[in-house]
Amino acid sequence: MKRWLFLAALMPLAALAVDTDIPGFDATNSPAENGRAIAVEAARRDDGFGDSSAAMTMVLFDGRGNSVQRAMRSRTLEQSANGDRTILYFEDPADVRGTAFLTHSHAKRSNDQWLYLPALRRVKRIASNQRSGAFMSSEFSYEDLGNDEVDKYTYRYIGEVSLDGVPCYHIERTPTDKSGYSRQEVWIDREALRLQQVHYYDRRGALLKTLAVGDFTLHRDQFWRPGRMHMINVQTGRETVLTWEDYLFDQGLNAREFEPGALDDIR
Amino acid sequence: MNSNPVRSTIFASAVAAATLTAAGNSGAQSRWESEVTAEARWFVQATDDSRQASQDQSLAAATRWTFDFDQRKQRLSLALNGRLDSQDGERSQWDIGELNWRYRWRAAELSVGIDRVYWGVTEALQLVDTINQTNRVDSPDGQQKLGQPMIRLALQPGRSEWEFFVLPVFREQRLPGSRGRLRGPLQLVEDAAVFESRDERQHVDLAARYSGYAGSFEWALSYFMGTSRAPLLQLQPTDNPLQPPVLRPFYYLTDQTGLELTWVAGSWLWKLEAISRRDDQQRYFAATGGFETTWFGVGGSSLDLGLIVEYQYDDRDSNRLLQSVSVANDDLVLGARITGNDFAGTECLILYSYDRRSNGRIASIEASRRFGAKWRGGIEARFFSGQSSIDALSVFSNEDFWQLELTRFF
């Protein structure tokens, strides 16, 4: 009996002991250090994917029973020295097909973004606060879809919780750059350090949106990618379900295809 | 349709067809997209010219086909557009916007054939843009362009790009005919263009552009040498002294050095376009610049509101300016862009431009929304007022119009 109690008391410590595979994560460290350590390790495990592409379908719900569908494709090129480069190009609805959105993410400063308008064959630079704008009228903002560079946030490790039976690290992160949010709470699973859930708080500090991520698939035995993202705007009742399919890796995409001058022949 | 561009691209098409045959189906992908637009315009004022009407309807269609092959190293593209207008024969026209073959090899790209190329950064006035001729019958805003036969070589070492153009065929600007509106009180003599170059439409024009970006700056330097895309409109008396004089387009030889700058400062986007250019008599300078900024979720709604402020300058004297098709010499442009972020993708752009010297003013509104996944409907209105006869805008003071359009995408 006593022995059992002793084991039970040891349980939290045992759980922490498992996490030695996260460098810099230690019970003696500050919550800021531990939160960041998890983010750094999650990013490290995604290193080396090279390039990837995927088909995206988005269903928008207005909270009054109406819904519409959008289709697009994404291409991402990993950049070792700096942030990744991503192109989203729209396929449906028909009036925006051919429109492309290019992002060069940066670890330490605002992203560079360009929009390609096929009707005029024109590439337009976009101001970086476009990040907080709605992505194709959805509940996702451009910021939500941008790459989560580690240095874009400061962190605070809150603790370990179970999210629908999945053991997760619960972390608060605060944007260091211009953002539409005052802070975010994120849940990252212990098993593979995948982002499972996010709560977004608006600039006044009130809960604005919740994101649930799921249907993960493993690629090249190393890279986890989500199949489904469900964003709910708790203030308006509007929802967006984003599904990802046809993930392809290492297609030999080169940096030149991710230059603004090449946007007109991306499709 | 001028036959010259067609002839000049036969070579390109032959090369393309040969390559296509040789290419097989390695990673080949073809896309075909089309749209058809029905449009109706109502003019607020009647004119003195009995040939002109107060309303017109037209049907426009555009189609574009692209074929990528050889691991996307090569591409063929074809884009056609045309319009049938109930009033103006000059507005009933068609054009080959693209008919070209492109080959990409590492950081170099070569394309041969008819193509469209856009230069510039500002919203209200396209000052630097000069490769393609303007199609003013499709829209008076000067944003519609005609396909230009060209050989283009682009070199893209990293974050910059060098482009070289050989433009072997000149195309005239399309302007409204005698029965058309938005041409002013004087009529343009059709098919009577005069050229400074003895080679006329066969004068070979050359252009180059260097562009790049670093951090929050973006720049481009361009040079063009050849026949001016924008004509001077010269008064020409008619044989009958009782008839008013007509206008004859004069295409002079020019050289133009252009500068484009963009600077991103937080949520502000600063823009500048400037040119130094020679017409048939003098060298002149013109510039336009300003800023654009956007507020998201205005007042807790889903609306985004963009503000555009631009100033336009041209140092030519008013006599020269009067001969230009479109001119902005000391003008201030204020604009608002509203994005609904709703299912219908509702958008609205309001522009107001004011000539500080002559008090000439233009107000325009363009609004559109989607209907289902395949339709988009829009409304457009333009109002002109000019209080001085020396202002180019005043020739349009009787041309206020409303326009409705509905597009079906295929």
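Every chain is numbered independently, its residues counted from 1 as its sequence is written. Just so you know, chain letters begin at A and ligand numbers begin at 1, following the order they were written in. It should be noted that, the model being predicted, local features are given only for residues of pLDDT at least 70 and side-chain atom pairs only at 80 or more, the latter also being counted only at that level, while totals for whole chains, interfaces and linings use all residues.

Comments concerning the overall build of chain B
Numbered from the N terminus, helices here are DSSP runs of H or I no shorter than four residues, and strands are runs of E no shorter than two. Each helix and strand in chain B was counted, giving two helices and 21 strands. Its C-alpha atoms give chain B principal-axis dimensions of about 65 × 60 × 40 Å. Within chain B, the fraction of its 410 residues that count as buried is 37%. What counts as a contact here is a pair of residues whose C-beta atoms, placed from the backbone, lie within 7 Å. If you take every contact in chain B between residues at least 6 apart in sequence, the share linking residues at least 24 apart comes to 58%. Buried means a residue has 20 or more other C-beta atoms within 10 Å of its own C-beta, exposed means 12 or fewer, and partly exposed covers the counts in between; C-beta atoms are placed from the backbone.

Notes on the interface of chain B and chain A
Facing the 31 residues of chain B at the interface are 27 residues of chain A. Looking at the side of chain B that touches chain A, the elements that each hand over two or more residues are strand 1 (29-43), strand 13 (253-265), strand 14 (268-278) and strand 15 (283-295) of chain B. By the convention adopted, Pro, Cys, Tyr, Trp, Phe, Met, Ile, Leu, Val and Ala count as nonpolar, Lys, Arg, Asp and Glu as charged, and the other residues, Gly among them, as polar. Residues belonging to the side of chain B that touches chain A are distributed by class as follows: ten nonpolar, ten polar and eleven charged.

Looking at the confidence of the model for chain A
All names here are of chain A. The pLDDT score gives, residue by residue, the confidence of the prediction method on a 0 to 100 scale. A residue-level look at chain A finds 88% of positions with pLDDT of 70 or above and a mean pLDDT of 85. Looking at the elements of chain A, mean pLDDT is at its lowest for helix 1 (residues 2-18), recorded as 46, and at its highest for strand 14 (residues 228-233), recorded as 96. Within the model, the stretch residues 1-19 combines pLDDT values under 50 with three contacts to residues more than four positions away or in other chains.

Some details on the environment of I151 of chain B
Residues and elements named next belong to chain B. With respect to the helices, strands and loops of the structure, I151 is situated in strand 6 (residues 148-155). For the pair formed by I151 and D115, sequence separation is 36 residues and the distance between their alpha carbons is 9.2 Å. If sequence neighbours within four positions are ignored, I151 has contacts with V112 and V166.

Examining helix 2 (residues 31-45) of chain A
Residues and elements named next belong to chain A. Expected span of a helix, by definition, is 1.5 Å for each gap between consecutive residues, and there is one gap fewer than residues. Between its first and last C-alpha atoms helix 2 spans 21 Å; for 15 residues at 1.5 Å apiece the expected length is 21 Å, and the two agree. Burial in helix 2 covers these residues: N34, G35, R36, A37, I38, A39 and A42. In this fold, the buried residues of helix 2 make contact with strand 7 (153-163), strand 8 (166-175) and strand 9 (183-189).

Describing the nonpolar core
Across soluble globular proteins, nonpolar side chains show a tendency to be buried alongside one another. Residue and element names in this part refer to chain A. Any set of buried Ala, Val, Leu, Ile, Met, Phe, Trp, Tyr and Cys residues joined through C-beta atoms within 7 Å is what this text calls a nonpolar core. I38, Y169, I171 and I188 are the most contacted members of the largest nonpolar core, which totals 26 residues. If you list the elements that add at least two residues to this core, you get helix 2, strand 1 (51-61), strand 7, strand 8, strand 9, strand 10 (195-201), strand 11 (207-214) and strand 14. Not counting residues within four places of it along the chain, the set of residues in contact with I38 comprises I22, F25, Y157, Y169, I171, I188 and L193.

So, the environment of P237 of chain B
Here P237 of chain B is to be found in the loop between strand 11 (232-236) and strand 12 (246-251). Judged by local crowding, P237 of chain B falls into the exposed class, with 10 C-beta atoms found within 10 Å.

A look at the pairing of strand 5 (residues 108-115) of chain B
All names here are of chain B. In terms of burial, strand 5 is largely enclosed, as six of its eight residues are buried. Criterion used throughout: strands pair if DSSP finds at least two bridges between them. With seven bridges connecting them, strand 4 (residues 93-105) and strand 5 associate as antiparallel partners. Its bridge partner being in strand 5, W105 is matched across the sheet by A108. Counting the residues in the hairpin turn of strand 4 and strand 5 gives two residues, including R106, whose phi is positive at 50°. In terms of strand pairing, strand 5 meets strand 6 through eight bridges, oriented antiparallel. Counted as the bridge partner of I114 is P149 from strand 6.

Structural notes on the environment of Y153 of chain A
Residues and elements named next belong to chain A. Within the element layout of this structure, Y153 appears in strand 7. Separated by 22 residues in sequence, Y153 and P175 have C-alpha atoms that sit 4.4 Å apart. Once residues within four sequence positions are removed from consideration, Y153 is found in contact with R173, T174, P175 and T176.

Structural notes on the sheet that holds strand 8 (residues 194-195) of chain B
All names here are of chain B. The three strands are arranged 8-12-11 in an open sheet whose pairing can be described as mixed. Each edge of the open sheet is held by one strand with a lone partner, namely strand 8 and strand 11. Of the strand pairs in this sheet, strand 8 and strand 12 are connected by two bridges, and their pairing is parallel. Following the sheet pairing, F195 is matched in strand 12 by Y251.

Brief notes about unusual backbone geometry
In this structure, P93 of chain A follows D92 of chain A across a cis peptide bond, with omega equal to 10°. On the secondary structure map, P93 of chain A appears in the loop between strand 3 (85-92) and strand 4 (100-104). Positive phi outside glycine occurs at L193 of chain A, with the angle close to 55°. Looking at where L193 of chain A falls in the secondary structure, it is placed in the loop between strand 9 and strand 10. You can call L193 of chain A buried: it has 21 C-beta atoms within 10 Å. Even without being a glycine, Q71 of chain B presents a positive backbone phi close to 50°. With respect to the helices and strands, Q71 of chain B occurs in the loop between strand 2 (55-69) and strand 3 (74-85).

A few points about the pairing of strand 6 (residues 122-126) of chain A
Residue and element names in this part refer to chain A. When strand 5 (residues 112-117) meets strand 6, the two strands line up antiparallel, connected through five bridges. In the sheet register, L115 faces strand 6, and the bridge partner there is K124. Count of turn residues in the strand 5/strand 6 antiparallel hairpin: four residues, of which R121 carries a positive phi of about 55°.

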